[in-house]
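A closer look at the structure
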Protein chains: 2
Amino acid sequence: MQNYPSIGKATIKAVKKLAVDRGYRLNSIAASLRKRETNNIGMLVPWINRPFISSLISGAEAAARAAGYNVLISQSHDSHDNEIDNVKAFFESRICGLIVSLAMETKDYEHFDRLIENGTPIVFVDRIPEHLDVHKVIIDNYAAAYKATQHLIEQGCRRIAHFGGALHQTIYKERRRGYEDALKKHDLPIDEEIIFHGDVLSADEGLKMTAHLLNLPSPLDGIFSANDTAAVNAIQYAKSVGVSIPADLAVIGFNNDPICLIIDPPLSSVGHPAVDMVRIAVQQVLRIKKSEDEVIAQTITLKTKVVIRTSTLRKG
Amino acid sequence: MQNYPSIGKATIKAVKKLAVDRGYRLNSIAASLRKRETNNIGMLVPWINRPFISSLISGAEAAARAAGYNVLISQSHDSHDNEIDNVKAFFESRICGLIVSLAMETKDYEHFDRLIENGTPIVFVDRIPEHLDVHKVIIDNYAAAYKATQHLIEQGCRRIAHFGGALHQTIYKERRRGYEDALKKHDLPIDEEIIFHGDVLSADEGLKMTAHLLNLPSPLDGIFSANDTAAVNAIQYAKSVGVSIPADLAVIGFNNDPICLIIDPPLSSVGHPAVDMVRIAVQQVLRIKKSEDEVIAQTITLKTKVVIRTSTLRKG
DNA sequence: TTGTAGGCGTTATCAG
DNA sequence: CTGATAACGCCTACAA
């Protein structure tokens, strides 16, 4: 085979094909070095092991892989310092795009500057920096909270407490605003005494807030919680002290986590389109990356739906 | 400043420091190309958005990042074909190590061969290939199932059903073996009629198996389920048809997912040391990688503890 | 000790 | 349009 004089194109092709069939694999590292960009999309979230966020990650992984990209995960544990470290690590590892949901603590956003200056596409999802001119994919938290609160009012609730998160986070500010506006709209008073803003809205916080509320002189008849974890623990505590759900106290949560169907009675909640949200975020990252010139920062707002279950059904 | 003749070492250091302070960053891609290996550990799991697995991922991310590595995630969705594709993608992206928990469907393991030949460290966790001589981190499924079943027997159960997963997966085979041996040990009969092996042990499967069981002529008094999802749905169905838990039917699950504390009554379960498991797996990957010569494949077995809650407490 | 040349495997560029 | 060549930035090895 060695001395054949003229090697035809067909042969060359066959050789190449063979090379591929044998273990040849394109070295994407060399390609990255030469092209000065990787195939890795970073994803920075507060926690990995929470139902809403693990759905975000699951969706991101699927969307990214389908487009030929990897997803690098890191978690801030809701700490601002961790977030800074993780962003730096992503910057140094030269991710080609970043999807972020902010740590509860985060109030300033300078740690993203280098990445932004560098031209790396960043898309914020869910927990976003309100006043920064960046790409965002969010839900209409105001409308969702308004609808959830209104639903409680329609079910006959007249004194509704609210469990929120850190107020500097837009999503919690907006949820509170929606809650307050729904009360106002129905001529119900806003009472600071029954509005809480937890540090992380944990199960434990939910329990403590509920214990406090149920000890107040004027009785509650509703709770709108900004997550399901706190709402579920509110139900558990209330039941444990003989408060009947929803007859005495109607409770609605947020996110529509799987636990909504486990708790008794099943928990009404605001459905969160996590998978749609992150699929769009991945698309945005890739679109921004591909486009030659600067893409104007845009905010994409997704609709939500209140999912009504027994925990709020006091009528028909 | 320009014409200073002799530039001292201090100055040079200062210059270097400045370079770092300005945007200089080590290019890990160039380093990877040169060293012929990346800093990315692949992680292949059936699903991302399940409590047990999202804890695995969370632990892996933390352990890997602490050691200076990234984690690349992909999910097989319990499909063998997806698993093959994902392993191939990892191979081509030149991960420096891989942590795998097998897809429910997977019965053969040839798709890992190229990675193994290539010398890439692979550590299997939880759902492992039984007869392959590879690195594994597992729990003692046999002992866990034995203890869980024995606990039911001690609580007075005499006719205990079992919900398992695909029998070609060692973990489910071992859990069944532990269940059967505990029955035998206490001179209880093994009845194939009340032993099920679901495709994925979903909520829906749990419900259907329970409905079937409760329609059998001879009544059950216990269920040992190989996961919590099916166990929780068993409880919900049983309650819905007036079967009292645990008085009529004691139920114990597996994994100790957060839903164990949400369901009423709280679900007894086998605690799964997911975070320890994956932390060890990351350590193993790095250890194998560093060691010059071939490391003998070893299996690390972690202990489990039965977490007893109301769903099985029929005595004292 | 300190300094420098070469090559990792691509891709972009430029010459033919 | 095809084909050769340099450069991406780091690490290793060898020379001074």
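So, a few notes on the structure that sits alongside this text. (Residues numbered from 1 in each chain as written. Chains lettered and ligands numbered in written order. Predicted model: local features only at pLDDT ≥ 70, side-chain atom pairs only at ≥ 80, totals over all residues. Heavy atoms only, no water.)

**What to know about the pattern of salt bridges**
When the charged atoms of two side chains with opposite charge come close together, those side chains can pair. All names here are of chain B. Formally: Salt bridges are identified by distance alone: a Lys or Arg side-chain nitrogen within 4 Å of an Asp or Glu carboxyl oxygen. Put simply, DSSP H or I for four residues or longer makes a helix, DSSP E for two residues or longer makes a strand, and each gets a number counted from the N terminus. The cut-offs for exposure are 20% and 50% of the maximum accessible area for each residue type, with area from a 1.4 Å probe on protein chains only; residues under the lower value are buried, those over the upper are exposed, and the others partly exposed.
Evaluated as defined, the whole model comprises 22 salt bridges over all chains. Of the charged contacts in the structure, one is a salt bridge between Glu-61 and Arg-65, with a shortest N-O distance of 2.7 Å. Of this pair, Glu-61 and Arg-65 both sit in helix α3 (residues 51–66), separated by four residues, roughly a single helical turn. In this structure, Glu-61 and Arg-65 share a single accessibility class: buried. Its salt-bridge partner being Lys-208, residue Asp-204 comes within 2.9 Å of it at the nearest N-O pair.

**Here's the deal with the protein's contact with DNA strand C**
As a reminder, the rule being used: We call a residue near a molecule or strand when any one of its heavy atoms sits within 4 Å of it. We define a polar contact as two N or O atoms separated by no more than 3.5 Å, with the added condition that, inside protein, one atom must be a possible hydrogen donor and the other a possible acceptor, whereas residues neighbouring each other in sequence contribute only through side-chain atom pairs. Nonpolar residues are Ala, Val, Leu, Ile, Met, Phe, Trp, Tyr, Cys and Pro. Charged residues are Asp, Glu, Lys and Arg, and all others, Gly as well, are polar.
Near DNA strand C you find 12 residues, and of these Tyr-24, Asn-27 and Arg-34 of chain A together with Arg-34 and Arg-36 of chain B are the closest. The protein-proximal atoms of DNA strand C, defined as those within 4 Å of the protein, are 76% sugar or phosphate. Here a phosphate oxygen of DNA strand C sits 3.0 Å away from a polar atom, N or O, in the side chain of Tyr-24 of chain A. Contact between DNA strand C and Arg-36 of chain B: a phosphate oxygen at 3.3 Å from a side-chain N or O atom of the residue. Elements that contribute at least two residues to the surface near DNA strand C include exactly α2 (28–35) of chain A together with α2 (28–35) of chain B. Examining the composition of the surface near DNA strand C, we find that four residues originate from one element, α2 of chain A, more than from any other. Residue composition of the surface near DNA strand C, by class: five nonpolar, one polar and six charged.

**What about the sheet that holds strand β9 (residues 250–252) of chain A?**
All names here are of chain A. As a reminder of what qualifies: By definition, two strands form a pair when at least two bridges between them are found by DSSP. Helix axes use the C-alpha atoms of the stretch in contact, all axes being lines fitted to C-alpha atoms, and the angles between their N-to-C directions lie in the range 0 to 180 degrees. The criterion used for residue contact is that any of the two residues' heavy atoms lie within 4.5 Å.
Strands sit in the order β7-β6-β8-β9 across an open sheet of four strands; the sheet is parallel. Strand pairing shows two members of the sheet lacking a second neighbour, β7 (195–197) and β9, which therefore form its edges. Looking at each pair of strands side by side, their axes are set apart by 10 degrees on average, direction ignored. Sheet topology note: the strand β6 (residues 160–164)/strand β8 (residues 222–225) ladder contains four bridges and is parallel. Note on β8: the bridge partner recorded for Ala-161 is Ile-223. Packed on one face of the sheet, helix α8 (residues 203–214) meets β6 and β7 and runs near 155 degrees to β6.

**Details of the sheet that holds strand β6 (residues 160–164) of chain B**
Residue and element names in this part refer to chain B. The strand order across the open sheet formed by four strands is β7-β6-β8-β9, and the pairing between neighbours is parallel. Unpaired on one side and paired on the other, β7 (195–197) and β9 (250–252) mark the two borders of the sheet. Each neighbouring strand pair of the sheet contributes to a mean axis angle of 10 degrees, computed without reference to strand direction. With respect to the sheet, helix α6 (residues 141–154) is in contact with β6, β8 (222–225) and β9, its orientation differing from that of β8 by roughly 165 degrees. Relative to the sheet, helix α8 (residues 203–214) contacts β6 and β7, its axis offset from that of β6 by approximately 155 degrees.

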